[in-house]
Every structure is written in structure tokens, then in C-alpha cells.
Amino acid sequence: MDIKVGDVVGRMSYGLDIYFKVMDIYEDENGNQIARLNGLDMRLCANGPLSDLVKIEPGKLADYWRMTMSKNHDAMRRVFMRRQKDRETLLLRSVPGKEKEELESFDVPGRVLHIDGDGDYLDLCMTTYRQLQIPAEGYNIPENMQAQKVYDLLVKHRPDLLVLTGHDGFKKGTKDFSDINNYHSSSYFVTAVKEARRYEKSRDDLVIFAGACQSHYESLLEAGANFASSPKRVLIHAFDPVFVMEKIAYTSIYDPISLKDIITGTITGFDGIGGMETRGRYRMGVPRSPY
């Protein structure tokens, strides 16, 4: 088939296990046509010969997106059920006795700044933030430029939570997973985290998620991230950073968050997401104004 930039494809050598969008086509030193690929719903970047690629039929692509969005909707349904229970607990703790029944509360969740190397993923994440009622600002900035932009954006928006993500993965032929130079974007994310920590040192006052598929997890945490991918160098889902931020944005500032609760709330789980103890950034207010 005539494969061009923008097409959705799978790799025959991998059994079409992941669907990719073709971002670029170039010729290698041996004259082979090579495609640069970004995962359609996984934050993975890869290269592959055109001869190994197959276009995905529209019907199969529609089924794929239905399955992906179904997972997302299931996760959101669990979020809203959990939130209702948490709100009742907080109201009981904050307002005693009969007064509780006469008062309506209002939410002041943590604010998110989301910087994403993929514009399509950013759009999906921003839609999900709106659905989850999380105030968020989003910017599509290539991974290698995020460190240059993040400080000024932090000054501009003064968020409670920061996401630095996009695409990552092992460079072809990688055998040493401990060497950060063997990853496409991990070093860029590390530099951006360090810049963010120059703005705010405290992990409680600015909560950071950083990384993408197969990212160098240990280096990201060492640089100052609260949460990062990928402990076992597996693929992570496009929405995983959003669900990490949601749990923090809607957990009370008085409460440390169970790491198990945060990570089991993601689509990928412990193999793809890890982090350290962190306090929530949510404040409940009472009473709600009638105006």
C-alpha cells in the first residue's frame, strides 16, 4: 500500500499489536524507506521500515477507538463514584451535626498545567480534564523544547500540578536500559523537571508527573518529579497522566494520598506508573453561594 504521513498503521513484525500514526518518512543510510511513528493511544515513538507497515482499515480503527474510549469512560465513572464518597467524608469532618444537612459545599480542586509533545494527545487530555471538572491549561510543545518553555509557563499560570509528557521509547538496538542516552526523550523530560524545580522546590507545593512510554523512571524521580513512568519500561496509556493528576487535584490538602490508590486508578498500573508519597491539592468550601 502507498503509506504516507498521517496514515494509521501497524507493524507486521509485531503482529499489529499497537496502532501508530506516521509522523515522517525518510531514507536511511542504506536507501531504505523508514517511517517515524507515534502511538495512537500509547505514548510511544518508534521507527520502522515501510515494508513492515500495514495501513489499518477504517472499520478496525473505529473499533480500536471504541475500545480505548470505553476504558477511559470506565475510569471516569470510578472517579466520580469515589469523589462523591470523599466529599461526604470531608463535609462530615468539616461541618458537624445538623449544620451539615443545611449546607452545600463547593469544590476548589488543584489547577493543572499540562505540557505535551503530542498535539492530538493534548486535545484528548484537555477534553478529559474538562469532563473531570479539573481546571487546566495545556500547551503542545515538542519534548526537546519543554525545558526552555516550562519556567515561564509556570510563572504565568502558577499551577498546583504540572504534567510533562509526550512520546518516548528505546532507541533501536538498545540493550542497556540504565543509560538515559538510549532513550528518545527521557533526557528532555529530566531537564524540564529540573527547570520546574528551579521555579518551585517543594514537591508538595508543585506536584509533577513526567515521562511517557518506557521513560527512564529513576532519573525523572531523581530530577524532582513526584510521579513518573515507566518503572518496568512498559508502554503507558495517553490518559494515564490525567488520572494521576485527577486523584491529586481532588484529594484534600490535609491528606497524604495512598500510592496504591493513585496508581491503580490509572489504565496502565504499577508496571507503567510509579512515584512517591504526596499530599492532595483539593480544598472544600462551604457554604455554596446562591448567586
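Report follows, based on the coordinates. Just so we're clear, the structure is a prediction, and the values are computed from it rather than from any experiment.

### Quick look at the pattern of salt bridges
Within the structure shown, the criterion is met by 12 salt bridges. Arg 77 serves as the salt-bridge partner of Asp 74, at 2.7 Å between the closest nitrogen and oxygen. Linking Asp 74 with Arg 77, this pair stays in helix α1 (residues 58–94), spanning three residues, or about one helical turn. A salt bridge links Glu 218 to Arg 233; its shortest N-O distance comes to 2.8 Å. On the criterion of sequence distance, the pair formed by Glu 218 in helix α6 (residues 217–223) and Arg 233 in the loop between β11 (227–228) and α7 (240–249) is long-range, its members being 15 residues apart. Through salt bridges with shared partners, one network takes in Lys 4, Asp 7 and Lys 55.

### Topic: the packing of helix α4 (residues 146–157) against helix α5 (residues 186–199)
Following both chains from N to C, one finds α4 and α5 inclined at 25°, their axes separated by 8 Å at the closest point. When the axes of α4 and α5 are compared, the pair comes out roughly parallel. Our pair here, α4 against α5, has a crossing hand that is right-handed. In this structure, α4 contributes Gln 146, Ala 147, Val 150, Tyr 151, Leu 154 and Val 155 to the contact, and α5 contributes Phe 189, Thr 191, Ala 192, Glu 195, Ala 196, Arg 198 and Tyr 199. Grouping the amino acids of the contact of α4 with α5 by side-chain chemistry returns nine nonpolar, two polar and two charged.

### Re the side chain of Asn 226
Among the secondary structure elements, Asn 226 is positioned in the loop between α6 and β11. Judged by its relative accessible area of 1%, Asn 226 is buried. Side-chain polar atoms of Asn 226 contact the side chain of Arg 197, separated by 3.0 Å. At 2.9 Å, the side chain of Asn 226 forms a polar contact with the backbone oxygen of Arg 203. Beyond its immediate sequence surroundings of up to four residues, Asn 226 is in contact with Arg 197, Arg 203, Leu 206, Val 207, Ile 208, Leu 221, Gly 274, Gly 275, Met 276 and Thr 278.

### Considering the nonpolar core
Of all hydrophobic cores here, the largest spans 42 residues; its most connected members are Tyr 129, Phe 209, Val 244, Met 245 and Ile 248. Listing elements by their share of this core, those giving two or more residues are β2 (20–27), β3 (33–39), α1, α3 (119–131), β9 (161–165), β10 (207–210), α7 and α8 (259–264). With residues up to four places along the chain from it excluded, the contact list for Val 244 reads Phe 209, Phe 227, Ile 262, Thr 266 and Ile 273. By size, the runner-up hydrophobic cluster in this structure holds 24 residues, among which are Ile 115, Val 150, Ile 208 and Ala 228.

Definitions and cut-offs
Residues numbered from 1 in each chain as written. Predicted model: local features only at pLDDT ≥ 70, side-chain atom pairs only at ≥ 80, totals over all residues. Heavy atoms only, no water. Salt bridge = Lys/Arg side-chain N within 4 Å of Asp/Glu carboxyl O. Helix = DSSP H or I, 4+ residues; strand = E, 2+ residues; numbered from the N terminus. Axes fitted to C-alpha atoms, helices over the stretch in contact; angles between N-to-C directions. Parallel < 35°, antiparallel > 145°, perpendicular 65-115°, else oblique. Left-handed = near helix turned anticlockwise from the far one by under 90°. Contact = heavy atoms within 4.5 Å. Nonpolar A, V, L, I, M, F, W, Y, C, P; charged D, E, K, R; others polar. Buried < 20%, exposed > 50% of the residue type's maximum accessible area, 1.4 Å probe, protein only. Polar contact = N/O pair within 3.5 Å; in protein donor to acceptor, adjacent residues only side chain to side chain. Core = buried A, V, L, I, M, F, W, Y, C linked by side-chain atoms within 4.5 Å.

None of the figures reported here should be taken as evidence of function without further support.
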